[in-house]
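Coordinate analysis (summary)
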Amino acid sequence: MGEGFGRGKVILLGEHAVVYGRPALACGIERGVRATAAPAEASRLDVPVWDLSLAPSTDAEEPLARAFDALLDVYGERPRLAVEADVALPAGAGLGCSAALGVAVLAAMDDALGVEREAEERAEVALAWERVFHGNPSGVDTAMASAGGVAVFRRGEPLRRVAPKRPLILAVANSGEASSTKHMVDSVRRQHERNEARIEETFDGIAALVRNGELAVAAGDVIALGQLMDLNHGLLSSLLLSTTKLEALCETARAAGAKGAKLTGAGGGGCMIALCEDRESAGGVCAALEEIADEAFIAEVGT
Ligand code: MEV
């Protein structure tokens, strides 16, 4: 039997701009998706937490079946495998659930078939899965689902790892508002078509935050990184990606002692992240967030 794991991810700085060739600073988190794969008469994908059991299909109305089909196609000879996935991430919440699922399924199938791939190649191949869910993924989600750690991702370039001087302690809160990455990426594309110069300027501003963020992570400067996250949240809001609930979560986190807070992922709902000084203060921030969030938890990255 083959086994595979795909991590969830949080984008510290740079979502959306990364679709347009700017860098993003992101990290893989411990929560993710575990999958197993075993030879079978016919291929199937089971996701018990979603009460789902499906066969591969090219039906446009069944994205998950189509994504599974796309992954089976990456092998020279189409394998027949029964795959089961244990998903420990909220879907549609900006934590890279679909990429983690794709990477876990691919890794389990590779393992069952004795196919070896480096993390970077696995992330690239798993894009066949991601493209089914949104037409123009930058690749940051599959890259972090596959590699973990903290890194700067830029489309078409090798992932550049960043070694944090001290672990990053994040309070992650789910607004409970479902968000569609495809929808939000389309919304930014329409704004870009209407007013290219202004949106390009915003992306350049975000790229500058990422460059400074990388230095702050390497120096262990929590105050600077927090300020950069606040500024990034402001620029994402100017792209109409925030919601009243996400604003309330960010405000609550800052008032409870977080050094910075922002939406993470596609926005329009989903999760926010708040940077905390240490685990103790993150506990306090999580407790405050739990009052208004669907769920809040601590993610520690870079240990
Ligand atoms: C989604 O997690 C991040 C986006 O930048 C889309 C992408 O990079 O493909 C919104």
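The structure under discussion appears in the preceding block.
Predicted, not measured: the structure shown is a model, and the values here were computed from it.

Here we come to the overall build of the protein. A tally of helices and strands in the protein yields 10 helices and 11 strands. A compact globule built from 303 residues should have a C-alpha radius of gyration of about 19 Å, and the protein, at 19 Å, falls within 12% of that. Across its three principal directions, the C-alpha atoms of the protein cover 55 × 45 × 35 Å. Accessible surface, the protein: about 12,600 Å² in total, of which carbon and sulfur atoms supply 48%. Seen as two clouds, the 29 positive and the 44 negative side-chain charges of the protein have centres 4 Å apart.

As a general feature of sheets, a regular strand has side chains that alternate between the two faces. Alignment of strand β1 (residues 2-13) against strand β2 (residues 24-39), held across 11 bridges, turns out to be antiparallel. If you follow G4 over to β2, its bridge partner there is A35. Where β2 lies against strand β6 (residues 150-153), 4 bridges are found, and the strand directions are antiparallel. Pairing of C27 across the sheet is with V150, part of β6. One ladder, built from 7 bridges, connects β2 with strand β5 (residues 81-87); its direction is antiparallel. The residue of β5 that forms the bridge with V33 is V87.

Turning to empty space enclosed by the protein, a few remarks are in order. If a probe the size of a water molecule is rolled over the atoms, the empty space left behind becomes visible. Taken as a whole and assessed by the stated rule, the structure comprises 1 cavity of 30 Å³ or more. Considered as a void within the structure, the largest cavity measures approximately 40 Å³ in volume. Taken together, R166, L168, A216, V217, G220, D221, V222, L225 and L275 form the lining of the largest cavity. Looking at the lining of the largest cavity, the elements with two or more residues in it are α7 (196-219) and α8 (222-238). Its residues placed into classes, the lining of the largest cavity shows 6 nonpolar, 1 polar and 2 charged.

A separate point is the layout of surface pockets. Volume-wise, the largest pocket comes out at about 700 Å³. In this structure, the largest pocket is lined by 39 residues; those nearest its centre are S98, E130, F133, H134 and T181. Elements with a contribution of two residues or more to the lining of the largest pocket: β1, β4 (52-54), α1 (63-72), α2 (97-113), α4 (127-133), α5 (140-147) and α6 (181-194). Ranked by residues supplied to the lining of the largest pocket, first place goes to α2 with 4 residues.

The rules behind the values
- Here the residue index of a chain counts from 1 through its sequence in written order.
- pLDDT decides what is reported in this predicted model: residues at 70 or higher carry local features, side-chain atom pairs at 80 or more are listed and counted, and totals for whole chains, interfaces and linings draw on all residues regardless.
- The side-chain quantities take in all heavy atoms of the structure and omit both hydrogens and water.
- Where helices and strands are cited, they refer to DSSP runs of H or I of at least four residues and of E of at least two residues respectively, numbered from the N terminus.
- We compute the radius of gyration over the C-alpha atoms and compare it with the globule rule, which gives 2.2 Å times the number of residues raised to the power 0.38.
- In these tables, accessible area is a Shrake-Rupley quantity obtained with a 1.4 Å probe, and a residue counts as shielded only by the protein chains included in the view.
- For the purpose of counting charges, residues Lys and Arg are taken to be positive, whereas Asp and Glu are taken to be negative. His and the chain ends are not included.
- In this description, the location of a charge corresponds to atom NZ of lysine, CZ of arginine, CG of aspartate or CD of glutamate.
- Strands are labelled as partners when DSSP assigns at least two bridges between them.
- Lining residues are those with an atom within 4 Å of a point, where the points come from a 1 Å grid over the protein atoms alone and group into cavities, where a 1.4 Å probe fits but cannot get out, or pockets, open sets with protein on both sides within 12 Å along at least five of seven lines.
- Grid points are joined across faces, edges and corners, and a volume is the space filled by probe spheres set on the points.
- Basically, the charged four are Asp, Glu, Lys and Arg, the nonpolar ten are Ala, Val, Leu, Ile, Met, Phe, Trp, Tyr, Cys and Pro, and anything else, Gly included, counts as polar.

So far we have only geometry, and geometry alone does not tell us how the molecule works.
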